[in-house]
Amino acid sequence: MINIPKGTKDVVPDAAYKWHYLEDVVRKTAAEFGFKEIRTPTFEHTELFLRGVGETTDIVNKEMYTFTDKGDRSITLKPEGTAGVARAYIENCLGDMPQPVKMYYLTPVFRYERPQAGRLREHHQFGVELYGSASPYADAEVMLVAKTLFDKLGLTEPVLNINSIGCPECRKKYNAALKEYLAGNIDKMCASCRERFDKNPLRILDCKEPGCKAITASAPKTLEYLCDDCRAHFEKLQSILSSAGVEFRVNPSVVRGLDYYTGTVFEFISSAIGAQGTVCGGGRYNNLVSEVGGKPTPAVGFGMGLERLIMILENLNLYLGEPETPTIYIAPTSEAEAEAAFSVVGELRKKGVSAECDIMGRSLKAQMKYAGKRGYAFVAVMGADEINSGKIKIKRMSDGVETECAISDIAEVLR
Ligand code: ATP
Ligand code: MG
């Protein structure tokens, strides 16, 4: 037998309803905020992620699924959703649309990681991207999309952690201070951090190695190095969130693992799923669009891990939709009524009622057993009497109550 690749998951038919429910709430929430869906390819030229995500990130360094295609191009399965959207924004001239442009996506994401709870090699993300506004209201709006989604799902718990890592001006000063602080300890840090020290020291703060974490715990904070504009932006953001009634925590250790962030960064962190508690991460990336070849465009967005979100909902025993079973099962008493039953379900489907009948040649008893296991809301037995009289009894399975009606009226009765 050939097994599923490590770090990937099947969604079997009886579990798919959870995804449908979640995706449905996601799409409704995005629409309420005026975000429209954007779909980009599952793979892109590798170069896009090198430039967009950044060569000093874990994603690009260690986690990409990259291969050479038959035309000798280097191709990468998308390791995040944002770079592809930025490319599509430029390529489809979305900058010419009325601003801001508000987009969302639902996409599989591929990362070569060490699989563990909440960490897969293929996972799925809901993400939003708001382009064209540099205002802290845009930051707040994006955070509110996530917050509103959690509210709708009955989740009060993921805590919004916010921080600002400043603009390139602030970053210059901060990097110098951070390097000075780390200089004495850098030889005790992991190989990736030693490399980041010269290329992108801020990334060191995002390292998950316990030894590195201990060293960076008392490192200087980006918030201490913000320029006046970045400070004012961050303060205004906090005031907007407070007056919108959104609880948050200023957390200087949130720096995000991607190169493209500028200014605001944030994570929603849950304590319901153990170590991989970040269910949503995002921030502002005003330099991304120009980095991948477009006009400078302020942008803010987030990516949310849907497997982690489902884990949280399951661990907290929250509602995750209803199993999807057709409404009614029509059981022919014998082979003689099979065609009639088959045509009745055909009529019901035309009227928008989900219906099934026996296609296994089962005895009536076996059909009843099957119908019970599948959980139809209604069952109707169709024998010679029913065909002759044109009338049938519909049994409501929840309480056994039977209603008789004309076979041609089943759809109306069910409504
Ligand atoms: P982490 O710090 O856990 O590695 P990240 O910073 O790499 O997360 P992002 O790139 O911000 O994560 O991705 C957005 C969200 O996607 C995360 O907050 C998380 O919920 C989810 N996610 C990221 N990587 C994985 C993965 N390998 N498996 C499942 N979900 C993931
Ligand atoms: Mg990661």
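This write-up is about the structure you can find in this document. (Residues numbered from 1 in each chain as written. Chains lettered and ligands numbered in written order. Predicted model: local features only at pLDDT ≥ 70, side-chain atom pairs only at ≥ 80, totals over all residues. Heavy atoms only, no water.)

1. A few points about the nonpolar core
Item 1. Core analysis: the largest hydrophobic core is formed by 49 residues, its most contacted members being Phe126, Phe302, Met304 and Leu309.
Item 2. Considering each element in turn, this core owes the most residues, 8 residues, to helix α5 (residues 136-152).
Item 3. Sequence-distant contacts of Phe302, defined by excluding residues within four places in its chain, comprise Tyr105, Phe126, Gly127, Val128, Val142, Val145, Ala146, Phe266, Cys280, Gly281, Gly282 and Tyr285.
Item 4. Within the second largest apolar cluster, 44 residues are counted, among which are Ile215, Tyr261, Leu288 and Val289. (Core = buried A, V, L, I, M, F, W, Y, C linked by side-chain atoms within 4.5 Å. Buried < 20%, exposed > 50% of the residue type's maximum accessible area, 1.4 Å probe, protein only. Helix = DSSP H or I, 4+ residues; strand = E, 2+ residues; numbered from the N terminus. Contact = heavy atoms within 4.5 Å.)

2. Regarding the site of ligand 1
Item 1. Around ligand 1, the structure places 17 residues, and the nearest of them are Arg111, Glu113, Leu120, Lys208 and Arg256.
Item 2. Here an oxygen atom of ligand 1 and a backbone polar atom of Thr278 are 2.9 Å apart.
Item 3. Between ligand 1 and Arg308 there is a distance of 3.1 Å, counted from an oxygen atom to a side-chain nitrogen or oxygen.
Item 4. For ligand 1, whose unbound accessible area comes to 590 Å², protein coverage reaches 92%.
Item 5. Elements with a contribution of two residues or more to the shell around ligand 1: β6 (122-131), β10 (278-284) and β11 (299-305).
Item 6. The element contributing the most residues to the shell around ligand 1 is β10, with 4 residues.
Item 7. For the shell around ligand 1, the per-class residue count stands at 4 nonpolar, 7 polar and 6 charged. (Near = heavy atom within 4 Å. Polar contact = N/O pair within 3.5 Å; in protein donor to acceptor, adjacent residues only side chain to side chain. Areas by Shrake-Rupley, 256 points an atom, 1.4 Å probe, with all protein chains shown as cover. Nonpolar A, V, L, I, M, F, W, Y, C, P; charged D, E, K, R; others polar.)

3. Details of the side chain of Thr29
Item 1. By the element assignment, Thr29 lies in helix α1 (residues 16-32).
Item 2. Residues in contact with Thr29, not counting those within four places in the same chain, are Val145, Thr148, Leu149 and Lys152.

4. Section: the side chain of Thr46
Item 1. The residue Thr46 is located in helix α2 (residues 46-52) in this model.
Item 2. Within the local environment of Thr46, its side chain forms a polar contact with the backbone nitrogen of Ile75, the two atoms lying 3.3 Å apart.
Item 3. With near-sequence residues (within four places) excluded, Thr46 lies in contact with Met64, Thr66, Ser74, Ile75 and Thr76.

5. Quick word on unusual backbone geometry
Item 1. Cis geometry marks the peptide bond from Gln99 to Pro100; its omega dihedral reads 0°.
Item 2. Positionally, Pro100 belongs in the loop between α4 (82-91) and β5 (101-110).

6. Topic: the packing of aromatic side chains
Item 1. Within this structure, the stated rule accounts for 14 aromatic pairs.
Item 2. Relative to Tyr225, the ring of Tyr174 has its centre 5.6 Å away and its plane inclined at 70°; by these criteria the two rings are edge-to-face. One end of the pair, Tyr174, is in helix α6 (residues 168-182); the other, Tyr225, is in the loop between α8 (210-216) and α9 (228-243), with 51 residues separating them in the sequence.
Item 3. Following the ring pairs from residue to residue traces out a cluster consisting of Tyr104, Phe126 and Phe302.
Item 4. The lysine or arginine in question, Arg121, covers the ring of Tyr112, its NZ or CZ lying 3.9 Å from the ring centre. (Phe/Tyr/Trp six-rings, centres within 6.5 Å; stacked < 30°, edge-to-face > 60°. Lys NZ or Arg CZ within 6 Å of the ring centre and 35° of its normal.)

7. With respect to the sheet that holds strand β14 (residues 378-382)
Item 1. Reading across from one edge, β13-β12-β14-β15-β16 is the order of the 5 strands in this open sheet, with mixed pairing throughout. If you trace the sheet from one side to the other, it starts and ends with β13 (355-357) and β16 (402-406), each paired once. Put simply, the sheet's adjacent strands are angled 25° from each other on average, direction ignored.
Item 2. One ladder, built from 3 bridges, connects strand β12 (residues 328-332) with β13; its direction is parallel. For Ile330, the partnering residue across the bridge sits in β13 and is Cys357.
Item 3. Strands β12, β13 and β14 of the sheet are contacted by helix α13 (residues 364-374), whose axis makes an angle of about 170° with β12. (Pairing = 2+ DSSP bridges. Axes fitted to C-alpha atoms, helices over the stretch in contact; angles between N-to-C directions.)

8. Side note on the environment of Gly54
Item 1. Tracing the backbone shows Gly54 in the loop between α2 and α3 (58-63).
Item 2. With relative accessibility at 5%, the residue Gly54 sits in the buried group.
Item 3. Residue contacts for Gly54: discarding those within four places in its chain leaves Phe49, Val60 and Asp259.

9. Remarks on the sheet that holds strand β7 (residues 159-164)
Within a sheet, each strand pairs with its neighbour through backbone hydrogen bonds, oriented either parallel or antiparallel.
Item 1. Taken in spatial order, the 8 strands make up an open sheet running β1-β5-β6-β11-β10-β9-β7-β8, and their pairing is mixed. Only two strands of the sheet have a single neighbouring strand rather than two, namely β1 (36-37) and β8 (248-250).
Item 2. Judged from the 5 bridges that link them, strand β9 (residues 264-269) and β10 form a sheet pairing that is antiparallel. When the sheet's bridge partners are listed, Ile269 is paired in β10 with Thr278.
Item 3. The sheet strands contacting α5 are β5, β6, β7, β9, β10 and β11, and the helix crosses β11 at an angle near 20°.

10. Thoughts on the packing of α1 against α5
Item 1. Two elements in contact, α1 and α5, have axes whose closest approach is 10 Å; the angle formed by their N-to-C orientations is 135°. When the axes of α1 and α5 are compared, the pair comes out oblique. Where α1 crosses over α5, the two elements pack in a sense that is right-handed. Across the interface between the two elements, Tyr21, Val25, Val26, Thr29 and Glu32 from α1 touch Val145, Thr148, Leu149 and Lys152 from α5.
Item 2. Its residues placed into classes, the contact of α1 with α5 shows 5 nonpolar, 2 polar and 2 charged. (Parallel < 35°, antiparallel > 145°, perpendicular 65-115°, else oblique. Left-handed = near helix turned anticlockwise from the far one by under 90°.)

11. Here's the deal with a positive patch on the surface
Item 1. A cluster of basic residues, Arg362, Lys365, Lys369 and Lys373, forms a positive patch on the protein surface.
Item 2. In this structure, Lys373 sits in helix α13.
Item 3. Judged by relative accessible area, which is 68%, Lys373 ranks as exposed. (Patch = residues over 30% accessible without salt bridge, like charges linked within 9 Å, V, L, I, M, F, W, Y side chains within 5 Å. Salt bridge = Lys/Arg side-chain N within 4 Å of Asp/Glu carboxyl O. Lys, Arg positive; Asp, Glu negative; His and termini not counted. Charge placed at Lys NZ, Arg CZ, Asp CG, Glu CD.)

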